[in-house]
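Descriptive analysis of the structure
Listed below are the residues making up each chain.
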Amino acid sequence: LQRVGCFTSPPPCTAGCLPGSNICATNMPLRPASAAHGLGPRINPLRTSYDPRTKSRLRAEAAPSRSDQNGVQLPVGNDKEVAAWLSAEVRQWLDDEWIPRDFHGEIGDIAAGAYVSARERGINEAGDILLEVANTLMGVNMYEADVGAFDVANKVTDLLLINDGRDVCCTTEPYSAGPGTSTEDSEAAVGGGVMLPEEAVSWSKPDSAFDRYTFLQQAMDGSQTAAVIDRAVLESLGYTVLKEGGKSMYDASGVTDERVLGISSFLGNPESCAILQEKLEEDLEEQNKDEEDLMPLIEALAGEAVVEMAKEEGDADFAMREVCVKWLHFSGGY
């Protein structure tokens, strides 16, 4: 007797299909038992989710370490070296997760080839590369594998993000260090290669409104270090922090205003503070606000008497702290 399986058509798609594929984003049919052999995407919903509108991979446990306005843009590097590294990493990962198989090496080579093809066509966004790798592997008979196309594509993306110096959750560390990016591109992306002062490396933006208010108060009374205040302002302007070889450096790839490119500090730097003051006035004007509207906050943070005395004495350090605090409060989300 010949066994015949009956399948019903899925309901009409109402959300469109994933870019570059015929996979429906919402009406994905249930995967048969053969999917265990790698015939379909296997994304752990507790680990990641996929947004077909932005083509970005979203993580439940951790946000990206950089604020990319057009997705997670990967820097240009030596694609062939990166591909060779990816191929070896994927093969080793599959061998360790399951059992050593020659086919694992083929999967690694195919995934690496898809990566190179994508980069040669100018595709630099991590979510787009993920789709390129997944779509390529979905055209391969992966019956011998214990993973699916999207499992491998997710792993490739993890490796690329780690190689770019980003924090990635829920994954294993690479077996070997990646080749990194070219020196020229790294210098362009990292805004002059400015390293963070030691006291600012472990700092992160306060989560609660109370903690943010306390931070502003410490910034005004001088109990917060200049390096930490500088980092808070720089991050509000689009700078992020990259870790490379145990060093933390400012990355300017997310900065959209050319006026603040190359800036590494504000306190003690009148020229940088003048640019920040200019940007603050522009933001205030857009909201039909006046800078005087922010003075009650400054007086509440530092005390009216202290503010008056600082102005009478022409305290330059106090004035620069005032500019930073006004900016952080009005334009930086504090």
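These figures come from a predicted structure and were not determined experimentally. The numbers attached to residues start from 1 for each chain and follow its sequence in the written order. Totals for whole chains, interfaces and linings use every residue, but because this is a predicted model, local features are given only for residues with pLDDT of at least 70 and side-chain atom pairs only at 80 or more, for both listing and counting. Values reported for side chains reflect all heavy atoms of the structure, with hydrogen atoms and water molecules removed beforehand.

1. Considerations on the environment of Leu-94
Here Leu-94 is to be found in helix H1 (residues 79-97). According to the relative accessible area criterion, Leu-94 is buried, its value standing at 0%. Linking Leu-94 and Gly-105, residues 11 residues apart in sequence, is a C-alpha distance of 8.9 Å. Filtering out sequence-adjacent residues up to four positions away, Leu-94 remains in contact with Ile-99, His-104, Ile-107 and Val-147. For helices the rule is a DSSP run of H or I covering at least 4 residues; for strands it is a run of E covering at least 2, with both sets numbered from the N terminus onward. Each residue's exposure class comes from its accessible area (1.4 Å probe, protein chains only) as a fraction of the maximum for that residue type: buried when under 20%, exposed when over 50%, partly exposed otherwise. In this description, contact between two residues means that some pair of their heavy atoms is separated by no more than 4.5 Å.

2. Observations regarding helix H8 (residues 226-236)
For an α-helix, 3.6 residues make a turn, and residues three or four places apart therefore share a direction. In terms of burial, H8 is a largely internal element, 8 of the 11 residues being buried. Residues of H8 that are buried include every one of Ala-227, Val-228, Ile-229, Asp-230, Arg-231, Ala-232, Val-233 and Leu-234, and no others. Check the buried side of H8 and you find it contacts helix H6 (198-201), helix H7 (209-221), strand E3 (240-244), strand E4 (247-251), helix H9 (270-286) and helix H12 (316-330). Following H8 by one or two positions, Gly-238 adopts a phi angle in the positive range, close to 110°.

3. Focus: the environment of Glu-89
Among the secondary structure elements, Glu-89 is positioned in helix H1. Sequence-wise, Glu-89 and Pro-174 are 85 residues apart; in three dimensions their C-alpha atoms are separated by 6.7 Å. Setting aside chain neighbours within four positions, we find Glu-89 in contact with Leu-159, Pro-174, Tyr-175 and Ser-176.

4. A closer look at the pattern of salt bridges
The rule for a salt bridge is simple: a side-chain nitrogen of Lys or Arg has to be within 4 Å of a carboxyl oxygen of Asp or Glu. Under the criterion given, the structure shown has 13 salt bridges. Between Arg-91 and Asp-95 there is a salt bridge, with the nearest N and O atoms lying 3.4 Å from each other. With Arg-91 and Asp-95 both in helix H1 and 4 residues apart, this pair spans about one turn of that helix. Its relative accessible area of 32% is what places Arg-91 among the partly exposed residues.

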